[in-house]
Amino acid sequence: MPVSTTAATAEGLCAFIDDSPSPFHVVRTVARELEAHGFTRLEEAAAWPDESIGRRYVVRGGSLVAWAGTGNAAAPFRVVGAHTDSPNLRVKQHPDLASAGWQLVGLEPYGGAWLNSWLDRELGISGRLTVRDGNSLREQLIRIDEPILRVPQLAIHLSEDRRGVTLDPQRHVNAVWGVGEAPRSFLAFVAESVEVDPAAVLGWELMTHVLAPSGLVGRDGDLVSAPRLDNQGTCYAGLRAFLAAVDDPGAAAPVLAMFDHEEVGSQSDRGAQSDLLPAVLERIVLARGGGRAEYLAALAGSICASGDMAHATHPNYPERHEPAHRIEINGGPVLKVNQNLRYATDATGAGAFALACDQAAVPLQRYVHRADLPCGSTIGPMTAARTGMPTVDVGAPQLAMHSARELMGANDVPAYAAALAAFLTPVE
Ligand code: ZN
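Rules of the game
Position labels on residues start from 1 in each chain and follow its written sequence. pLDDT decides what is reported in this predicted model: residues at 70 or higher carry local features, side-chain atom pairs at 80 or more are listed and counted, and totals for whole chains, interfaces and linings draw on all residues regardless. Side-chain numbers here rest on the full set of heavy atoms in the structure, without hydrogens or water. In this text, helices come from DSSP runs of H or I with a minimum length of four residues, and strands from runs of E with a minimum of two, each type numbered from the N-terminal end. To get the radius of gyration, use the C-alpha atoms; to get the globule rule, take the number of residues to the power 0.38 and multiply by 2.2 Å. With a 1.4 Å probe rolled over the protein chains alone, any residue whose accessible area is under 20% of its type maximum counts as buried; one over 50% counts as exposed, and the rest are partly exposed. In this analysis, two residues are considered to be in contact whenever any of their non-hydrogen atoms come within 4.5 Å of each other. Surface accessibility in these figures is a Shrake-Rupley result with a 1.4 Å probe; residues are shielded only by whichever protein chains are displayed. Working definition: a ring pair exists when centres of Phe, Tyr or Trp rings (six-membered ring for Trp) sit within 6.5 Å. Plane angles under 30 degrees give stacked, over 60 give edge-to-face, the rest tilted. Whether a charge sits over a ring comes down to the Lys NZ or Arg CZ being within 6 Å of the ring centre and within 35 degrees of the ring normal. Each metal site lists N, O and S donors within 2.8 Å (3.2 Å for Na, K and Ca). With water left out of the atoms, a site can look as if it is missing ligands. Between 85 and 135 degrees for all angles marks four donors as tetrahedral; over 155 degrees for opposite donors together with 65 to 115 for all other angles marks four donors as square planar and six as octahedral; every other arrangement is irregular. Paired strands are those between which DSSP finds at least two bridges. A fitted line through C-alpha atoms represents every axis, and for helices the fit uses only the stretch in contact; the resulting angles, taken between N-to-C directions, go from 0 to 180 degrees. In this entry, domain limits derive from an automatic or database-based domain assignment. Accessible area that two parts lose when put together, with a 1.4 Å probe and added across both, is what the buried area reports.

## Quick word on the overall build of the protein chain
Per the secondary structure count, the protein chain includes 9 helices and 20 strands. Computed over the C-alpha atoms, the radius of gyration of the protein chain is 22 Å, within 12% of the 22 Å expected from 2.2 N^0.38 for a compact globule of 428 residues. Taken across its 428 residues, the protein chain has 54% of its residues classed as buried. In the protein chain, once contacts between residues fewer than 6 apart in sequence are set aside, the share between residues at least 24 apart is 77%. If you sum the accessible surface of the protein chain, you get close to 18200 Å²; carbon and sulfur atoms cover 51% of it.

Below, the structure written as structure tokens:
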């Protein structure tokens, strides 16, 4: 599959990320693009129409699954998986704090946020509210792109040895948003930003985002500096690949599965440990006229690429990397292998992805974590266990994973999308 057919670019990735400060906004950004390509949303609580020729998607909170029929009721699936959430600082239930004449908003880390990177940055607010409307409830998306919050560092002169401070997630990540002793309600501020009565706000998932826009950097402009590359880099590349595969399908039905809550273990109604993907895949088979046996047969022929970002070799810390497995920025997609199955890749999945890279004419890099450092994980092992599909963990290389501001290669964006597109369109 030629690279250009996915229309994936570094500039496109930057726009995608800047449109998507929270998992709920990732889902909205993807849904808009799907609808522009003829997809319609199905509700899980409703009956589903015949899916044999349909372009459909479902949403569960910050998760989304999209698929397109191939006309073949027995077609197996090719799945590209990703996660929509990124580590950040989130708003507590009683956020209004005061200290030393400052007004503070109580925050707590979500996932493995690299806390030092969140200091001294202008932060906006995003997420969703549950709003009472009489005796019913509705969801209200929130996005405030104003510099409302900032978590200030300690001055170097006040540190004990001028070598940096250890950040306590309980005490050191609250944000200032004004001065004065009189308490002000942060939630009322948020509610009023969308003209909602603060008393009607009964629930919320609110988080902070870095306001500086994403962009290309470096002497040659071939690096992408952006928040949330982990894992919106895959959400974007996966979406472009999926749309290319839908327009020019191969011998399997393409599926895009994007999960919330990966950064906190995936165990929720909509995380990768939930029934979301198997439930949707089974309903697709039922809607195209098959039964349980046809569903299990389709799964047996299916395969999943779990896309998440990969660690490029850091120039200032090369010793932290497995020396025989140097991973280069702008060096192409990465196959991730871990003998203790922190990544799901086995020989079958590795072969399928290596073949896809060859078909897409992009180089493939092979990553192994140092055996003496704890390896992160992905949705891959869970998706494999939930569905029984062979699964391959893949990614694009980046530095500064889980920083508020991450760095990847501009040329890796189209290469990654092209490899995923080829994976989604196997040749018979
Ligand atoms: Zn990730």
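Alright, that's what it looks like, and here's the rest.
## Some thoughts on the packing of aromatic side chains
With the rule as written, the count across this model stands at 6 aromatic pairs. With 5.4 Å between their ring centres and 80° between their planes, tryptophan 177 and phenylalanine 186 make a pair best called edge-to-face. Counting every residue linked through ring pairs, the aromatic cluster contains Trp177, Phe186 and Phe189. The ring of tyrosine 110 has arginine 90 lying over it, and the distance from NZ or CZ to the ring centre is 3.5 Å.

## Digging into the environment of phenylalanine 259
With respect to the secondary-structure elements, phenylalanine 259 resides in strand β13 (residues 253-259). For phenylalanine 259, a relative accessible area of 1% corresponds to the buried category. For the pair phenylalanine 259 and glutamate 181, spaced 78 residues apart in the sequence, the C-alpha separation amounts to 42 Å.

## Quick notes on the coordination of the zinc ion
Geometry sets the ideal angles at a metal, namely 109.5 degrees for four tetrahedral donors and 90 or 180 degrees for six octahedral donors. Distances from the zinc ion to its protein donors, His83 (NE2), Asp230 (OD), Asp308 (OD) and Asp308 (OD), fall at 1.9 to 2.6 Å. Its 4 donor atoms give the zinc ion angles of 53 to 139° at the centre, a pattern that matches the irregular case. Along the chain, the residues donating to the zinc ion fall in the pattern H-x146-D-x77-D. Here aspartate 230 lies in helix α4 (residues 229-247) and histidine 83 lies in strand β4 (residues 77-83), a separation of 147 residues in the sequence. Comparing histidine 83 with aspartate 230 shows no difference in burial state: the two are buried.

## Notes on the sheet that holds β4
Ordered in space as β1-β2-β3-β13-β4-β14-β18-β16-β17, the 9 strands form an open sheet in which the pairing is mixed. In this open sheet, the two edge strands, each paired with only one partner strand, are β1 (40-41) and β17 (365-367). By the bridge criterion, 7 bridges tie β4 to β13 in an arrangement that is parallel. Its bridge partner lying in β13, valine 80 is registered against leucine 256. Sheet strands touched by helix α7 (residues 347-360): β4, β14 (303-307), β16 (334-336), β17 and β18 (391-395). Its angle to β18, the strand with the most contacts, is close to 50°.

## Topic: the domain arrangement of the protein chain
By domain assignment, the protein chain separates into domain 1 (3-86 + 227-424) and domain 2 (88-210). For domain 1 versus domain 2, the distance between C-alpha centres works out to 31 Å. Counting from both sides, the interface comprises 22 residues of domain 1 and, opposite them, 20 residues of domain 2. In this assembly, domain 1 packs against domain 2 so that about 1600 Å² is buried in total across both faces, 57% of it on carbon and sulfur atoms. Contact with domain 2 buries surface across domain 1, with Pro21, Phe24 and Ala404 losing the most and accounting together for 32% of the total.

## Notes on the sheet that holds strand β19 (residues 397-399)
Spatially, the 5 strands line up as an open sheet ordered β11-β12-β20-β19-β15, and their pairing is mixed. Both edges of this open sheet fall to β11 (215-217) and β15 (310-311), since each of them pairs with a single strand only. Where β19 lies against strand β20 (residues 406-409), 2 bridges are found, and the strand directions are antiparallel. Among the inter-strand pairings, leucine 399 is bridged to a residue of β20, identified as leucine 407.

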